[in-house]
Amino acid sequence: MFKQKSQLWLAVMFFGILASYLLLLTTNYYWDGIFFAQVIEDAPGLDASLLHPNHLLYNVVGYLAFRLARILAPQARAVEVLQISNCIISAMTAYVLFRILRICFKSLYLSVTLTLLFAFSATWWKFSTDADSYILSVFFLLVSSYLILPSRKPKPFWLAVSFSLSMLFHQLAIFFFPVAVLGLLMQTHDEPMRHRLGSVLKFAFGALLVTLPMFCYSFYLVTGSWALKPFLLWITTFSPENGFTFNAWNNLGYTLRGHSRLFVGGRLSFLRDLMGPLMDTLVGFLFVIAGIFFYKLISNFKEVRIAARTALTDDGRLKQLRILCCVWIAVYLVFLFFFIPQNTFYRLFYAPAIIVLVGTFLAPYELSQQHMRRYRTALFVAMVIVANLTFSAYPYARVSTNPPLELALKMNQVWKPGTIVYFATWNSDNALVKYFNPSVTWVEANQKGLEAELGQSIRNGRPVWIDTTLIQRMQEIPEGKGWLETHTIHVPDYEVVNSKYRLQFFKINPESFAPELAKP
């Protein structure tokens, strides 16, 4: 009976999480996801264009999923396939975390509530419905952490496989390596030292034999070279505008902010922007849950003090688990303190460790004989879920909250197939517009021969536009403003210009090229 109840809860939770993700696919795309989708759709086949050292196999797997989806739904776009795939994988990740919590704490209530806290934490929820590579990598990290639980028998081979897969989907998984080694040493603590070291070496060499040849061969496919120095530069590639920073005060601020945004996120301004019955209902529901939670917290504060003392109970099994979680968190925390600390989503790689660590302090009181359940943990989790639904997940599922996407879809109705858009440089905004206008040709402008190119395109009967990056470049030169006034039509409806965005499209006026068009 107890087992059936547990399985029922698990099924309801899994499909509830999956349905929530699928119903609220984000439109607030992170630029990486659009980039991945464009690469996948542009790839002529399984070739080197799909390979990137930071997330080596993600586009490869995404390409296969996209091609399969196209068989079933010919109009499917890669970004949709990646989003739906991430929803499914994220729900599977929640299942693995539930199994870990269930094994460690023997409490169905605690396992369910902490799993839901993880699944609907702000940043995980957002990226579960986006098109990025983090979800798949963290899934295999969770599988790896399951394999190193102190209560399980060591399986260094399968640990090497799961850890390697995590690394092949995102390089940041490499910082789980010392956690895996520590987990194996804990699992073999009562064995002779040579057996313990043997398990570690099997894992380390197994992981190396999977990952290193994959990276080396991928580098060869991309560059045609086996040279060591270029290979090392390639595998350590990161965005040039980002990198390591050593301003301790700023980094501390980003780190603290990142942990708060990891679990609760969104914008209060959505209350104003999306004012209506649904938002009013969600806010009202949030206040009711918060009221009940704080009432139970204050009215039974004596129990809270007892719980705090109980949490520090010296349980050997929980102590091992805490050490594992603390090492997991600390390794990532140190690296991310200096490496792009403002990127909250990198903290997803140790978010499960935070959840399990919290569980190690809640479990002693939850399982104590004098404990009377007041459902404070469940109320707190419900409060976080409703807050994230109200200020993040629901608003970001609406196109109106992403002005560049809204403009991209509007231009879809304006630009006829065959339209040419000239641009100066790529950025996240024009890449988004390009992706959602696949029938438009984008041409990087050659400034010296621009007029000749424009005239030739118009002579061929093709509508011609220029984008923000080219407009700004023209405005920076003395004769540029006059050229824009003479040769372009500025329609305010085809732009988003405010304190946050600058995205414009000017139409080239064919009549301004009339003398050139008359030439034979």
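Undergrad: Account for a nonpolar patch on the surface, with residues named and values stated.
TA: On the surface, a cluster of nonpolar side chains totalling about 500 Å² of accessible area is made up of Leu201, Phe205, Leu208, Leu209 and Leu212. Here Leu212 shows up in helix 10 (residues 193-223). With a relative accessible area of 38%, Leu212 lands in the partly exposed category.

Undergrad: How would you sum up the packing of aromatic side chains? Please name residues and give values.
TA: On inspection of all chains with the given rule, the structure shows 51 aromatic pairs. Taking 5.9 Å as the distance between ring centres and 50° as the angle between the ring planes, the aromatic pair formed by Tyr30 and Trp31 counts as tilted. Given a relative accessible area of 37%, Trp31 falls into the partly exposed group. The ring of Tyr435 carries Arg77 above its face, with NZ or CZ at 4.0 Å from the centroid.

Undergrad: Tell me about the nonpolar core, and please be specific about residues and values.
TA: If you look at the biggest cluster of nonpolar residues, it comprises 135 residues, and the most contacted ones within it are Phe105, Phe176, Phe203, Trp415, Phe436 and Phe505. The element that contributes the greatest number of residues to this core is helix 4 (residues 78-105), accounting for 15 residues. In contact with Phe105, other than residues within four places in its own chain, are Leu110, Leu114, Leu318, Leu321, Val356, Gly359, Thr360, Ala363 and Leu367. One finds Ala445, Leu454, Leu484 and Phe506 within the second-largest nonpolar core, a separate group that totals 17 residues.

Undergrad: Requested: an account of empty space enclosed by the protein, with residues and values cited.
TA: The final tally for this structure, using the stated rule, is two cavities of 30 Å³ or more. Counted as a void, the largest cavity has a volume near 110 Å³. Lining the largest cavity are 13 residues, with Ser145, Leu149, Leu321, Cys325 and Trp328 sitting closest to its centre. Where the lining of the largest cavity is concerned, the elements lending two or more residues are helix 4, helix 7 (134-147), helix 16 (316-338) and helix 17 (351-366). Per-element tally for the lining of the largest cavity: the top contributor is helix 16, with four residues. The residue inventory of the lining of the largest cavity, partitioned by class, reads 12 nonpolar, one polar and no charged. Its volume calculated, the second largest cavity comes out at about 50 Å³. As for the second largest cavity, its lining consists of Leu24, Thr26, Ala122, Trp125, Lys126, Thr129, Ser392, Ala393 and Tyr396. Going through the elements one at a time, helix 6 (122-128) and helix 18 (376-396) are the ones with two or more residues in the lining of the second largest cavity. In terms of residue class, the lining of the second largest cavity is built from five nonpolar, three polar and one charged.

Reading guide: rules and limits
Residues numbered from 1 in each chain as written. Predicted model: local features only at pLDDT ≥ 70, side-chain atom pairs only at ≥ 80, totals over all residues. Heavy atoms only, no water. Patch = residues over 30% accessible without salt bridge, like charges linked within 9 Å, V, L, I, M, F, W, Y side chains within 5 Å. Areas by Shrake-Rupley, 256 points an atom, 1.4 Å probe, with all protein chains shown as cover. Salt bridge = Lys/Arg side-chain N within 4 Å of Asp/Glu carboxyl O. Helix = DSSP H or I, 4+ residues; strand = E, 2+ residues; numbered from the N terminus. Buried < 20%, exposed > 50% of the residue type's maximum accessible area, 1.4 Å probe, protein only. Phe/Tyr/Trp six-rings, centres within 6.5 Å; stacked < 30°, edge-to-face > 60°. Lys NZ or Arg CZ within 6 Å of the ring centre and 35° of its normal. Core = buried A, V, L, I, M, F, W, Y, C linked by side-chain atoms within 4.5 Å. Contact = heavy atoms within 4.5 Å. 1 Å grid on protein atoms, 1.4 Å probe; cavity = no way out; pocket = protein on both sides within 12 Å on 5 of 7 lines; lining within 4 Å. Points joined across faces, edges and corners; volume = space filled by probe spheres on them. Nonpolar A, V, L, I, M, F, W, Y, C, P; charged D, E, K, R; others polar.

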